[in-house]
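One letter stands for each residue in the lines below.
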Number of protein chains: 2
Amino acid sequence: MTHEPLIEHVKNQVAARPEDLLLFASKLREVAVAKGKFLLRPNTYVKHEYFVVEGCLSAYYLDKKGNKTIVQFAIENWWLGDFDAFYNGVPSKLYIEALEDSTLLAINHDDLQTLFQQAPIFERYFRLLVTSAFISLRKRILSSLGKSVKERYMEFCESYPNIEDRVPNYQIANYLGVSAEGLSRARRKMKALKKT
Amino acid sequence: MTHEPLIEHVKNQVAARPEDLLLFASKLREVAVAKGKFLLRPNTYVKHEYFVVEGCLSAYYLDKKGNKTIVQFAIENWWLGDFDAFYNGVPSKLYIEALEDSTLLAINHDDLQTLFQQAPIFERYFRLLVTSAFISLRKRILSSLGKSVKERYMEFCESYPNIEDRVPNYQIANYLGVSAEGLSRARRKMKALKKT
DNA sequence: CAAAATGATTGACCTAGATCAATTAGGTTT
DNA sequence: AAACCTAATTGATCTAGGTCAATCATTTTG
């Protein structure tokens, strides 16, 4: 059953009773997105948050000038979605695109609210989830300010060893806020150092 | 009573019953920090999170080379603290320094866990809190990557109109990841434009 | 296998913003 | 008002990394 990895994930975070887990599972819906297809586009009202069972996706913004900025990659066992749109009921500004054929589990906004009433332990689960996402983002802010491309790339590889070789370099460059050429040069310098 | 603004803040976010609020209030402790003094220093175990009743503070990291990076300013009605250290029980790496004489309310880690048991509505309150903090951080990431100093400064002034004139420019520059000189030049260009 | 995409690397050049070093402008203190 | 501090501004360089254009490398497709 596709729900397994998510149920495991919940169990690792909080002490949920079997009936809570069953209730949760009953509200999940499976979604498949083929490589290159979109899970989410701007100017839609976002009714779901998603958990990645299998695959790899990226979330990004496009500004008026067409500049793309990737804000997140997601692979197995990551949640993704447009939190802002989902929780604040504003239209989405985000693109979410599958970089590989992907399988996700979706939970509907209203179902989630009901779940919070019926099984408050999930209030805790999502609080913990967002807290650790917040902590990671703070680390990312720290490295995006002031650090060199080389340092940022090294930190990225440490933090996301699994993503590094599933996503093309120019996408990682975008995520780091560097040009593809810039990242390429940084990597060359790193290799040169290692050989010494 | 100093608790008022925080109780108001809670009421604005969640439907807490009067007894929940009393319980919460009973766990708060008032803390005063004079201008220039520290609320938190690195290598301490963090037992509290703080709500600003009055004043202004900054939170920053110092790396090995002594480079300072301000990750947050906080004024009235903001929470601050070292989430990472508080929730994960690791030693703090953060400095929190008062930029003005400040009054805060502190909640102890264990008391908070008890509160979550006794009044799960606070699980929700803190979930909502962290979620909106996460959303703001994501916006900040977006502007720290790729945007020019001028744009970043304008966004900062829009987002934090109240902080802009309580904090010296060189601190804002640091927060934005620019040198004080760089910010000064950006501001000059902005003024030049306005006059046209 | 040839042809066509797609991604990565390199070179030549160019700008935004850093750094260093004065200078100026407001506030405080005496 | 003189003397002091702290913050902000300005000028003169310097450099990391951007941009543009071309060349390789490696997959994918017919």
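Residues numbered from 1 in each chain as written. Chains lettered and ligands numbered in written order. Predicted model: local features only at pLDDT ≥ 70, side-chain atom pairs only at ≥ 80, totals over all residues. Heavy atoms only, no water.

In the nomenclature of an unreviewed UniProt entry, chain A corresponds to Crp/Fnr family transcriptional regulator from the organism Flagellimonas profundi.

## Points about the sheet that holds strand β6 (residues 79-80) of chain B
All names here are of chain B. Pairing is antiparallel in the open sheet, where 4 strands are placed in the order β1-β8-β3-β6. The open sheet has two edge strands with one neighbour each: β1 (28-33) and β6. Looking at chain direction, strand β3 (residues 48-54) and β6 are connected through 2 bridges and run antiparallel. Its bridge partner lying in β6, Phe 51 is registered against Trp 79. (Pairing = 2+ DSSP bridges. Helix = DSSP H or I, 4+ residues; strand = E, 2+ residues; numbered from the N terminus.)

## Topic: the protein's contact with DNA strand C
Near DNA strand C lie 17 residues; those nearest to it are Asn 169 and Arg 188 of chain A together with Val 149, Ser 179 and Arg 185 of chain B. Protein-proximal atoms of DNA strand C, defined as those within 4 Å of the protein, fall in sugar or phosphate at a share of 65%. Measuring from a phosphate oxygen of DNA strand C, one finds a side-chain N or O atom of Tyr 170 of chain A at 3.1 Å. Note that a base nitrogen of DNA strand C is positioned 3.2 Å from one of the side-chain N or O atoms of Glu 181 of chain B. Sorting the residues of the surface near DNA strand C by element identifies α8 (169-176) and α9 (180-195) of chain A together with α9 (180-195) of chain B as the ones contributing at least two each. When grouped by side-chain class, the residues that make up the surface near DNA strand C number 4 nonpolar, 6 polar and 7 charged. (Near = heavy atom within 4 Å. Polar contact = N/O pair within 3.5 Å; in protein donor to acceptor, adjacent residues only side chain to side chain. Nonpolar A, V, L, I, M, F, W, Y, C, P; charged D, E, K, R; others polar.)

## Quick word on the interface of chain B and chain A
Between chain B and chain A, the contact holds 35 residues from the first and 35 residues from the second. On the surface where chain B and chain A come into contact, there are 6 salt bridges. The interface formed by chain B and chain A contains 7 residue pairs in polar contact (both at pLDDT 80 or more). Of all the elements in the fold, those that place two or more residues in the side of chain B that touches chain A are β5 (68-74), α3 (83-88), α4 (109-118), α5 (121-144) and α8 (169-176) of chain B. (Contact = heavy atoms within 4.5 Å. Salt bridge = Lys/Arg side-chain N within 4 Å of Asp/Glu carboxyl O.)

## Looking at the sheet that holds strand β7 (residues 95-98) of chain A
Ordered in space as β2-β7-β4-β5 (chain A), the 4 strands form an open sheet in which the pairing is antiparallel. Lying at the two open borders of the sheet, with one neighbouring strand each, are β2 (38-40) and β5 (68-74) of chain A. Between one strand axis and the next, the sheet turns by 30° as a mean value, whatever way the strands run. In the sheet, strand β4 (residues 57-62) of chain A pairs with β7 of chain A via 4 bridges, with the strands oriented antiparallel. Looking at the pairing, Tyr 60 of chain A lines up with Tyr 95 of chain A of β7 of chain A. Along the sheet, α5 of chain B makes contact with β4 and β5 of chain A, crossing β5 of chain A at roughly 130°. (Axes fitted to C-alpha atoms, helices over the stretch in contact; angles between N-to-C directions.)

## Here's the deal with the packing of helix α5 (residues 121-144) of chain A against α5 of chain B
For the pair α5 of chain A and α5 of chain B, interaxial distance at closest approach is 9 Å and the crossing angle is 25°. Taken together, the axes of α5 of chain A and α5 of chain B lie roughly parallel to each other. Of the two possible hands of crossing, α5 of chain A and α5 of chain B adopt the one that is left-handed. Considering only residue class, the contact of α5 of chain A with α5 of chain B consists of 12 nonpolar, 4 polar and 10 charged. (Parallel < 35°, antiparallel > 145°, perpendicular 65-115°, else oblique. Left-handed = near helix turned anticlockwise from the far one by under 90°.)

## As for unusual backbone geometry
Here Asn 77 of chain A, not a glycine, exhibits a phi torsion of approximately 75°, which is positive. Looking at the element boundaries, Asn 77 of chain A is found in the loop between β5 and β6 (79-80). We note that Asn 43 of chain B has phi near 60°; this positive angle belongs to a residue other than glycine. By the element assignment, Asn 43 of chain B lies in the loop between β2 (38-40) and β3.

## Description of the packing of aromatic side chains
The final tally for this structure, using the stated rule, is 34 aromatic pairs over all chains. A network of ring pairs unites the aromatic residues Phe 24, Phe 51, Trp 79, Phe 116, Phe 122, Tyr 125 and Phe 126 of chain A as a single cluster. Residue placement shows Arg 41 of chain B over the ring face of Phe 38 of chain B; its charged tip is 4.2 Å from the ring centre. Over the ring of Tyr 60 of chain B we find Lys 68 of chain B; its NZ or CZ atom is 4.2 Å from the centre of that ring. (Phe/Tyr/Trp six-rings, centres within 6.5 Å; stacked < 30°, edge-to-face > 60°. Lys NZ or Arg CZ within 6 Å of the ring centre and 35° of its normal.)

## Some points on the pattern of salt bridges
Evaluated as defined, the whole model comprises 18 salt bridges over all chains. With a closest N to O distance of 3.0 Å, Glu 155 of chain B and Lys 147 of chain B form a salt bridge. On the basis of relative accessibility, which here comes to 27%, the residue Glu 155 of chain B falls in the partly exposed class. Through salt bridges with shared partners, a single network forms among Arg 17, Glu 19 and Asp 20 of chain A. (Buried < 20%, exposed > 50% of the residue type's maximum accessible area, 1.4 Å probe, protein only.)

## Overview of the UniProt feature "domain: Cyclic nucleotide-binding" (unreviewed entry) in chain A
Per the UniProt entry, the sites bearing "domain: Cyclic nucleotide-binding" (unreviewed entry) are residues 24-116 of chain A in this numbering. From the first C-alpha to the last, residues 24-116 of chain A spans 10 Å; its make-up is 18% helix and 45% strand. (UniProt positions renumbered as here; feature names shortened; annotations may be inferred.)

## Observations regarding the protein's contact with DNA strand D
Near DNA strand D lie 17 residues; those nearest to it are Val 149, Ser 179 and Arg 185 of chain A together with Asn 169 and Arg 188 of chain B. Within the contact set of DNA strand D, a phosphate oxygen lies 2.9 Å away from a side-chain nitrogen or oxygen of Ser 179 of chain A. Tyr 170 of chain B places a side-chain nitrogen or oxygen 3.0 Å from a phosphate oxygen of DNA strand D. Going through the elements one at a time, α9 of chain A together with α8 and α9 of chain B are the ones with two or more residues in the surface near DNA strand D. No other element matches the 6 residues that α9 of chain B contributes to the surface near DNA strand D. Its residues assigned to classes, the surface near DNA strand D comprises 4 nonpolar, 6 polar and 7 charged.

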